[in-house]
Amino acid sequence: MTAALAIDRLEVVFDRFRALKGVSLEVQPGESFGLVGESGSGKSTLLRAIAGLAPVTSGGIAVDGRTLGRGRDKAFYRQVQMVFQDPYGSLHPRQTVDRLLQEPLAIHGVADGERRIQRALDEVGLGNGFRFRYAHQLSGGQRQRVAIARALILEPSILLLDEPTSALDASVQAEVLNLLEEVRRRRKLTFLMVSHDLAVITHMCERLMVMQNGEAVENLAASDLVERKVTKDYTRNLLKASEGFVRA
Amino acid sequence: MSTLLDVEDLRVTYPTRTGVIEAVRGVSFQLGRERLGIVGESGSGKSQTGRAIMGLTPPQAQVSAKKLAFDGIDLMAASPRERRALRGNRIAMILQDPKYSLDPVMSIGRQIVETLRAHERVSKAEARERALAMLEAVQIRDPARVFDLHPHEVSGGMGQRAMIAMMLIAGPELMIADEPTSALDVTVQLDVLKILDKLVAERGMGLIFISHDLRLVSSFCDRVIVMYAGKVVEQIKASELRNAQHPYTLGLLDCMPRIDADRHPLPVLDRKPEWAA
Ligand SMILES: Nc1ncnc2c1ncn2[C@@H]1O[C@H](COP(=O)(O)OP(=O)(O)OP(=O)(O)O)[C@@H](O)[C@H]1O
Ligand SMILES: Nc1ncnc2c1ncn2[C@@H]1O[C@H](COP(=O)(O)OP(=O)(O)OP(=O)(O)O)[C@@H](O)[C@H]1O
Ligand SMILES: [Mg+2]
Ligand SMILES: [Mg+2]
């Protein structure tokens, strides 16, 4: 089977700083794959490199068996979409939801825009009442729903999700996670998802990679994490820390 | 327990064209030299409560309180100048959105240095040393590199820690930390909490810890206030959170995914109108 996403010994360098040091990874079609690890370890950089937004110095990225060059063409963005870490910064506050959703449709010259906007808003649970609201008038959870709707509107097959719920409260997080599972099932999507919350990753993903300092520490099945079958100390520390604060 | 902060019937309202928005509707609590958690869903008034205590409510809003006192100082009667002086020195707030709170055109290091030099007379060289030490304390790898980076060049969690370093370097007596660790991986999160914990235990700082992570709050704080629709619906010992009475608190606890429980879909809150009454 051809992997939906294959990353081969990827290197990203900012000035002289190596943010990714030869990271490899394969995600199968329809799979949900998680990335966890240290803050600053390169998780966002990995997603951004796939989206063509980080300075790749060597290594390869292939989508459905097609190796990507430097630039990303329109066809790429119809196939791969990204939801960013920060729901406050990723949507222009002075644009209406309608404008935000129209924009990718216009860029890609999509004909049945009206149907797609209706469908996307429906899917993320925002009724038509929200369509002409400005982004700054929405709560964090509502904004993240708009960001997901915007990512879905070109009907991609792969979603890159960077901490899609870390800025949301527990109740809204549950709603957004349920929503993501639902659209993945319905649209048969492939997910590559970053979260620092191990419980979110085991809930959403089948397999995961643990990262530290620009490198992969280990690859695991989510069930390994649940059963504490891990081999590296760093992963063990993450599991321990997930249990909460312990006063010395 | 000596009282550091006394809040009684705090209200924050925003007049708008379509009516008033009551962001905070009569919140009361006292804070000693302890860790007080504030939890509650998005929009429940947590940040607005913190900002009102800081004196950072925007001018179009109205703040009222029967009592709002910090270390015996009546904050409602204090002049804007007195409040600014308190903010620079004795009271600090880690704002929820680090990317917006940091100055985008100034390097991380310079922002910390300027904060330090704004309230302590130290040489440039010493300020730099202390800023680097503070970045190291919040577990930034390679502080010397990060010192020179601008906010858009650091990861989400690094920006958040830069903000924390900036607030800690002033050595406040009251710290309001608004979702200070939401972008951090769990091990760094605990390191940051250890620093805050030490300041409470050793220096007697009072800490208000605003968070949506109920698990973290229950293990870290002494007491917890649960807010809903601008009001406090429950106050409880943090260690007793599991035995909370209010269905809203129980609902919030229940909707979090757990590593060892397979629940698809996750339960969601079924909000009742009477909770807001
Ligand atoms: N534009 C940039 N210029 C310089 N360095 C950068 C830039 N973007 C990222 N980096 C560096 O790359 C490293 C990895 O950052 P990245 O955002 O990928 O981390 P992350 O794993 O997503 O962390 P977090 O969990 O905190 O979001 C960091 O050390 C960061 O400073
Ligand atoms: N400038 C403003 N104008 C009008 N209403 C506002 C303004 N700022 C905040 N509010 C309202 O005040 C209420 C409380 O907001 P607050 O930011 O305190 O919520 P919160 O509990 O911190 O939520 P979150 O978990 O999302 O940070 C919300 O309904 C919000 O819409
Ligand atoms: Mg990141
Ligand atoms: Mg808030």
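Chains are numbered independently. Their residues run from 1 in the order of the written sequence. Here every chain gets a letter starting at A, and every ligand a number starting at 1, in the order they are written. In keeping with the predicted nature of the model, local features appear solely for residues at pLDDT of at least 70, side-chain atom pairs appear and are counted solely at 80 or more, and the whole-chain, interface and lining totals rest on all residues. Each side-chain value is worked out from all heavy atoms of the structure, with water and hydrogens disregarded.

**What about the pattern of salt bridges?**
And step 1. Salt bridge criterion: a side-chain nitrogen from Lys or Arg within 4 Å of a carboxyl oxygen from Asp or Glu. Evaluation of the coordinates by the stated rule reveals 42 salt bridges over all chains.
And step 2. Note that Arg141(B) is salt-bridged to Glu38(A), the shortest N-O span being 3.1 Å. Residue Arg141(B) is located in the loop between helix 5 (124-137) and helix 6 (143-147), and its partner Glu38(A) is located in the loop between strand 3 (32-37) and helix 1 (43-50); the two belong to separate chains.
And step 3. A relative accessible area of 13% means that Glu38(A) is categorised as buried.
And step 4. A salt bridge links Arg130(B) to Glu126(B), with the nearest nitrogen and oxygen atoms 3.4 Å apart. Pair noted here: Arg130(B) and Glu126(B) are both in helix 5, with a separation of 4 residues, about one helical turn.
And step 5. Three exposure classes are used, based on accessible area relative to the maximum for each residue type with a 1.4 Å probe and protein chains only: buried under 20%, partly exposed in between, and exposed over 50%. Arg130(B) gets classed as partly exposed once you look at its relative accessible area, which sits at 28%.
And step 6. In this structure Glu126(B) comes out as partly exposed when scored by relative accessible area, which is 36%.
And step 7. Connected through salt bridges with shared partners, the residues Asp112(A), Arg115(A), Arg116(A), Arg119(A), Glu123(A), Glu155(A), Glu182(A), Arg185(A), Arg186(A) and Arg187(A) form a single ionic network. Counting from the N terminus, the helices are the DSSP runs of H or I reaching at least four residues and the strands are the DSSP runs of E reaching at least two.

**Concerning the packing of aromatic side chains**
And step 1. Pairs were defined over the aromatic rings of Phe, Tyr and Trp, the Trp ring being its six-membered one, requiring ring centres within 6.5 Å. Orientation was assigned from the angle between planes: stacked under 30 degrees, edge-to-face over 60, tilted for the rest. Evaluated as defined, the whole model comprises 6 aromatic pairs over all chains.
And step 2. Ring centres of Phe76(A) and Tyr77(A) lie 5.1 Å apart, and the angle between their planes is 85°; this geometry places the pair in the edge-to-face category.
And step 3. If you follow Arg72(A) out to its NZ or CZ, it ends over the ring of Phe76(A), 5.3 Å from the centre.
And step 4. By definition, being over a ring means that NZ of Lys or CZ of Arg is both within 6 Å of the ring centre and within 35 degrees of the ring normal. The ring centre of Phe17(A) lies 3.4 Å from the NZ or CZ of Arg145(B), which sits over that ring.

**Some remarks on empty space enclosed by the protein**
All names here are of chain A.
And step 1. Here a cavity denotes grid points, spaced 1 Å and computed from the protein atoms alone, that fit a 1.4 Å probe unable to get out, and a pocket denotes an open set having protein on both sides within 12 Å along at least 5 of 7 lines; residues with an atom within 4 Å of a point are the lining. Grid points are joined across faces, edges and corners, and a volume is the space filled by probe spheres set on the points. Applying the stated criterion across every chain yields a total of 1 cavity of 30 Å³ or more.
And step 2. Lining of the largest cavity is provided by Phe17, Arg18, Ala19, Lys21, Gly40, Ser41, Asn213 and Gly214.
And step 3. Taken together, the residues of the lining of the largest cavity sort by class into 2 nonpolar, 4 polar and 2 charged. Three classes are used: nonpolar for Ala, Val, Leu, Ile, Met, Phe, Trp, Tyr, Cys and Pro, charged for Asp, Glu, Lys and Arg, and polar for all others, with Gly counted as polar.

**Things to note about the interface of chain B and chain A**
When the parts of a complex come together, some accessible area is lost, and that lost area is often taken as the interface size.
And step 1. Residue contacts are defined here by distance: any two heavy atoms, one from each residue, within 4.5 Å place the two residues in contact. If you look at the interface, chain B gives 42 residues, while chain A gives 44 residues.
And step 2. Taken over both partners, the interface formed by chain B and chain A buries close to 3600 Å², and the fraction arising from carbon and sulfur atoms is 56%.
And step 3. Of all residues in chain B, Arg141(B), Val186(B) and Ile259(B) bury the most surface against chain A, accounting for 19% of the area lost on that side.
And step 4. The tally of links from chain B across to chain A stands at 3 salt bridges.
And step 5. Among the salt bridges present, the one from Asp197(B) reaches Arg247(A), with a minimum N-O distance of 2.9 Å.
And step 6. The term polar contact refers here to a pair of N or O atoms within 3.5 Å; inside protein, the definition further demands a hydrogen-donor-capable atom paired with an acceptor-capable atom, and it admits residues adjacent in sequence only when both atoms are side-chain atoms. Here chain B and chain A share 12 residue pairs in polar contact (both at pLDDT 80 or more) between them. Buried area adds together the accessible area that both of two parts lose upon being put together, with accessible area traced by a 1.4 Å probe.

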